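# Remarks on the overall topology
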Amino acid sequence: MTDFFNSVFTRLKKPSIILTVVSQIGALLILCGVRIDENLLMTATAMICSILCTLGILNSTAPADETMLVCSESGEPKAHVMIAGQMVCKNCGAVYVAPEDEETDEKG
Ligand SMILES: [Zn+2]
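Residues numbered from 1 in each chain as written. Predicted model: local features only at pLDDT ≥ 70, side-chain atom pairs only at ≥ 80, totals over all residues. Heavy atoms only, no water.

Attention now moves to the coordination of the zinc ion. When a metal holds four donors in a tetrahedron, each ideal angle between them is 109.5 degrees; when it holds six in an octahedron, the ideal angles are 90 or 180 degrees. Coordination of the zinc ion by the protein comes from Cys71 (SG), Cys89 (SG) and Cys92 (SG), over a distance range of 2.2 to 2.3 Å. We note that the donor set of the zinc ion lies within a single chain, spaced as C-x17-C-x2-C. A relative accessible area of 3% places Cys89 in the buried class. (Donors = N, O, S within 2.8 Å, 3.2 Å for Na, K, Ca; no water. Buried < 20%, exposed > 50% of the residue type's maximum accessible area, 1.4 Å probe, protein only.)

This part is about the packing of aromatic side chains. Going through the model one piece at a time under the given rule, you end up with one aromatic pair. Ring geometry for Phe4 against Phe5: centres 5.4 Å apart, planes inclined by 70°, an arrangement best described as edge-to-face. (Phe/Tyr/Trp six-rings, centres within 6.5 Å; stacked < 30°, edge-to-face > 60°.)

Moving on, we get to a nonpolar patch on the surface. A cluster of nonpolar side chains, Met1, Phe4, Phe5, Val8, Leu12, Val21, Ile25, Leu29, Ile30, Val34 and Ile36, forms an exposed patch at the surface whose accessible area comes to about 950 Å². Elements that contribute at least two residues to the nonpolar patch include exactly helix H1 (2-11) and helix H2 (15-31). No other element matches the four residues that H2 contributes to the nonpolar patch. Of note, Phe4 is situated in helix H1. (Patch = residues over 30% accessible without salt bridge, like charges linked within 9 Å, V, L, I, M, F, W, Y side chains within 5 Å. Areas by Shrake-Rupley, 256 points an atom, 1.4 Å probe, with all protein chains shown as cover. Salt bridge = Lys/Arg side-chain N within 4 Å of Asp/Glu carboxyl O. Helix = DSSP H or I, 4+ residues; strand = E, 2+ residues; numbered from the N terminus.)

This brings us to the packing of H2 against helix H3 (residues 38-54). Between H2 and H3, the least distance of the axes is 10 Å, while the angle of their chain directions is 160°. If you check the angle between H2 and H3, you find them roughly antiparallel. The interaxial crossing formed by H2 with H3 has right-handed handedness. For the pair H2 and H3, the contacting residues are Pro15, Ile18, Leu19, Val22, Ser23, Gly26 and Ile30 in the first and Glu38, Leu41, Met42, Thr45, Ala46, Cys49 and Cys53 in the second. Taken together, the residues of the contact of H2 with H3 sort by class into 10 nonpolar, three polar and one charged. (Axes fitted to C-alpha atoms, helices over the stretch in contact; angles between N-to-C directions. Parallel < 35°, antiparallel > 145°, perpendicular 65-115°, else oblique. Left-handed = near helix turned anticlockwise from the far one by under 90°. Contact = heavy atoms within 4.5 Å. Nonpolar A, V, L, I, M, F, W, Y, C, P; charged D, E, K, R; others polar.)

With that settled, the discussion passes to the pattern of salt bridges. In the structure shown here, the tally under the stated rule is one salt bridge. With a closest N to O distance of 3.7 Å, Glu76 and Lys78 form a salt bridge.

Structural data, given as structure tokens:
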């Protein structure tokens with residue numbers, strides 16, 4: 001049981017996890033008819049996470065749950081994190097869009 005809480009606690013030290021959890025709770029509250037500003041909620045959460053990262057309470061460099069994807073904005077491979085069911089570029093915040101025609105056998 002302690003292992004379970006340790007694992008949950010470790011996950012909650014990652015800003016991407018907190019953002020996902022908060023956005024899901026926000027969506028759930030909206031679904032239940034609670035009137036909240038989702039934009040305000042997410043912006044405030046991101047700001048708080050940023051402050052906690054700066055203070056060293058959250059681990060912003062945690063590599064888990066990050067995926068290298070080609071950014072739809074810059075066209076360069078960047079770390080993406082799952083936020084509200086979408087892969088979002090950590091570099092510029094662009095939502096990842098899967099390319100339509102895949103050329104997977106292209107090598108540099
Ligand atoms: Zn980007």
